[in-house]
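Per-entry structural report
Listed here are the chains, written in short residue letters.
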Amino acid sequence: MNSFYSDAFVFLGATGDLAYKQIFPALQGLIRDEAFNLPIIGVAKAGWNLDQLKARAKDSLEKHGGINQPAFEKLLSLLRYVDGDYSDASTFEQLRQELGTSQRPLHYLAIPPSLFATVAEHLANSGCATNARVVVEKPFGRDLESAKELGETLHKFFPEENIFRIDHYLGKEPVQNIVYTRFANPIFDPIWNRDHVRSIQITMAEDFGVEDRGKFYDEVGALLDVVQNHMMQVVANLTMDPPTGQDHDALRDRKSELLRAIKPLTPDAVVRGQYDGYRSVVGVAPGTSVETFVAIKLEIDSWRWAGVPIFVRAGKMLPVTCTEALVEFKRPPKETFGELVSNGSAHMRIRLSPDMTIGLGVRVKTPGERMVGRDVELEMHRQSTTDMPPYERLLGDAIRGNSEQFARQDLIEAQWRIVEPILGNVTPFYTYAPGTWGPVEADQLIGNDGPWVNPQLHSVE
Ligand code: BG6
């Protein structure tokens, strides 16, 4: 474990979209909330100068989160800029000069993965990679083989402990809270297994389409955009064994074991959908068969979970924007009061967005002479998620050297292994109307283990 602080923050792709939407706001937040005070060096090939980058930072913050004057001024005073081609050694010599006395820089590669190999090599040859950390973004490959290749490329220049792979879902408070709630309370673990859990379902619904991201989205689809990464991390947080030990790998070791125990998907465990109108989005290939909705059935091959189906669905243009997990418990072995009770009465509901809620579904007696009851949900906890944005939290962690909430190479490979057999449009897709819950075939997939429980939005005080 390398727990030193990085002493400079370098971001390549400084004039790009990710820097504009996420990195500048995260940096301002870190300066405001945690008094971050280290040189910040943007690198890009845009023919810009430092003043132009400063103007871009201002614009970024005005559009994404707002300017905090003292932190913004500090950010400007720390900002440096190197303009140059990523394939040109002199760009990295300039960067080394800008780094001055820095001995432990962090390099955020906010650039396409196709450039990683060239950039990593130049960082190494120019001396910028010595004792350095590197932060990279998804997609981590296109399949298992390319993910391995990418890992090998990075490992040539950076040891695994200095590679920080961002999955922004891991920086979300409610996602971390799943693990916290499960392991900070003694009541859950005894029932968190095949003896008591009937099924688990997770819905990630978005009520908007792919908007201006047609080109990117059409190369990935719902499965690779959010399920192979974000949703698998949620499944792992919900089902992994308790971590042992205190180091940054304790959690990741358990997650890795869990992900490796998930059986690779077969075509009959997948339903893909595409919303009407997707094909006319700018950047989308005519006649594309890429999915904007996917539902899958997972099985975990372990003593704890054997026989418990785990359903995940994710889609664009659904009726609401909400992500929620539902752990359905088995009914008692005998209905003591002779009622015809639906399965829905015993569950734990964990909402991850737009608010953070934990609810427990139980049956209570209806007042009166007869022993009959009704389903209610005890809301154990509900709060809005106006906490630290994921990028601010994750970049702070990377600078401090805390790798716990970053994806390790073995986790990435385990995620790919699960989806590998269904890559490449091997299953048909069904169209669905915008504003609906996807194709009806998804209901057939969940069958008697369902129905899908559609998240209902409510106001949060
Ligand atoms: C991104 C996907 O990784 O996650 C987007 O590319 C998706 O398509 C987004 O909308 C969802 O994350 P969040 O934090 O906005 O819920």
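Attention now moves to the environment of Trp192. Here Trp192 shows up in the loop between α7 (173-184) and β7 (197-205). Take Trp192: its relative accessible area is 1%, and that puts it in the buried class. Those residues in contact with Trp192 that lie beyond four places of it in its chain are Arg182, Val197, Leu238, Arg304, Trp305, Val327, Phe329 and Met348. Within the structure, Trp192 has its side chain in polar contact with the backbone oxygen of Leu238 (distance 2.6 Å).

So, about the pattern of salt bridges. Scanning all chains against the criterion turns up 31 salt bridges. The partner of Arg400 in a salt bridge is Glu34, and the shortest N-O contact between them spans 2.4 Å. With a gap of 366 residues between them, Arg400 in helix α10 (residues 390-400) and Glu34 in helix α1 (residues 17-34) connect regions that are remote in the sequence. A relative accessible area of 22% means that Arg400 is categorised as partly exposed. Here Arg349 and Glu377 are joined by a salt bridge, their closest N and O atoms 2.6 Å apart. With Arg349 in strand β12 (residues 347-353) and Glu377 in strand β14 (residues 373-384), this residue pair connects regions lying 28 residues apart in the sequence. Here Arg349 falls in the buried class, since its relative accessible area comes to 9%. Residue class for Glu377 comes out partly exposed when judged on its relative accessible area of 32%.

This part is about empty space enclosed by the protein. To find leftover empty space, a probe the size of one water molecule is rolled over the atoms. Within the structure shown, the criterion is met by six cavities of 30 Å³ or more. Taken as a whole, the largest cavity encloses approximately 110 Å³ of empty space. Lining the largest cavity are 14 residues, with Lys138, Pro139, Leu224, Gln228 and Asn229 sitting closest to its centre. Within the residue set of the lining of the largest cavity, elements represented by two or more residues are α8 (214-239) and α11 (409-419). The dominant element in the lining of the largest cavity, judged by the number of residues it contributes, is α8, at six residues.

Here we take up the sheet that holds strand β2 (residues 40-44). Across the sheet, six strands lie side by side as β3-β2-β1-β4-β5-β6; this open sheet has parallel pairing. Among the strands making up the open sheet, the edge pair consists of β3 (79-83) and β6 (163-166). Taken over all neighbouring pairs, the strand axes of this sheet differ in orientation by 20° on average, direction set aside. Along the sheet, α10 makes contact with β1 (8-12), β4 (105-109), β5 (133-137) and β6, crossing β5 at roughly 155°.

On to the nonpolar core. Membership of the largest hydrophobic core comes to 140 residues, with the highest contact counts inside it found for Phe9, Phe11, Tyr108, Val227, Leu238 and Leu298. Top element by residues in this core is α8. It accounts for 13 residues. Here this core gathers at least three residues from each of two domains, domain 1 (8-137) and domain 2 (170-388 + 404-460).

Of all the bends in α8, the greatest measures close to 100° and is centred on Gly221. For α8, the tally of buried residues reaches 23 of 26 residues, placing the bulk of the element in the interior.

Glycine aside, residues mostly have negative phi angles, and peptide bonds mostly take the trans form. A cis amide bond, omega 5°, links Lys138 with the succeeding residue Pro139. Position of Pro139 among the secondary structure elements: in the loop between β5 and α6 (144-157). Along the chain, Gly450 connects to Pro451 via a cis peptide bond; the corresponding omega equals 10°. Inspection of the secondary structure puts Pro451 in the segment after α12 (441-446). Despite not being glycine, Asn131 has its phi angle at roughly 55°, a positive value. If you trace the backbone, Asn131 turns up in the loop between α5 (116-125) and β5. The class of Asn131 is partly exposed, set by a relative accessible area of 43%. Even without a glycine there, the phi angle at Glu211 is positive, about 50°. Position of Glu211 relative to the elements: it lies in the loop between β7 and α8. You can call Glu211 exposed: its relative accessible area is 54%.

Domains assigned within the protein are domain 1 (8-137) and domain 2 (170-388 + 404-460). Computed over C-alpha atoms only, the centres of domain 1 and domain 2 are separated by 35 Å.

A word on the site of the ligand. Near the ligand you find Lys138, His168, Tyr169, Lys172, Met204, Glu206, Arg213, Asp225, Val226, His230 and Lys316, and these make up its full shell. Here an oxygen atom of the ligand and a side-chain polar atom of Glu206 are 2.6 Å apart. Note that an oxygen atom of the ligand is positioned 2.6 Å from one of the side-chain N or O atoms of Asp225. When the ligand is considered free in solution it has 390 Å² of accessible area, and contact with the protein chains removes 75% of it. Looking at the shell around the ligand, the element that brings in the most residues is α8, giving three residues. Residue composition of the shell around the ligand, grouped by class: three nonpolar, two polar and six charged.

Analysis parameters
Residues numbered from 1 in each chain as written. Predicted model: local features only at pLDDT ≥ 70, side-chain atom pairs only at ≥ 80, totals over all residues. Heavy atoms only, no water. Helix = DSSP H or I, 4+ residues; strand = E, 2+ residues; numbered from the N terminus. Buried < 20%, exposed > 50% of the residue type's maximum accessible area, 1.4 Å probe, protein only. Contact = heavy atoms within 4.5 Å. Polar contact = N/O pair within 3.5 Å; in protein donor to acceptor, adjacent residues only side chain to side chain. Salt bridge = Lys/Arg side-chain N within 4 Å of Asp/Glu carboxyl O. 1 Å grid on protein atoms, 1.4 Å probe; cavity = no way out; pocket = protein on both sides within 12 Å on 5 of 7 lines; lining within 4 Å. Points joined across faces, edges and corners; volume = space filled by probe spheres on them. Pairing = 2+ DSSP bridges. Axes fitted to C-alpha atoms, helices over the stretch in contact; angles between N-to-C directions. Core = buried A, V, L, I, M, F, W, Y, C linked by side-chain atoms within 4.5 Å. Domains from an automatic or database assignment. Bend = angle between axes of the 7 residues up to and from the residue. Near = heavy atom within 4 Å. Areas by Shrake-Rupley, 256 points an atom, 1.4 Å probe, with all protein chains shown as cover. Nonpolar A, V, L, I, M, F, W, Y, C, P; charged D, E, K, R; others polar.

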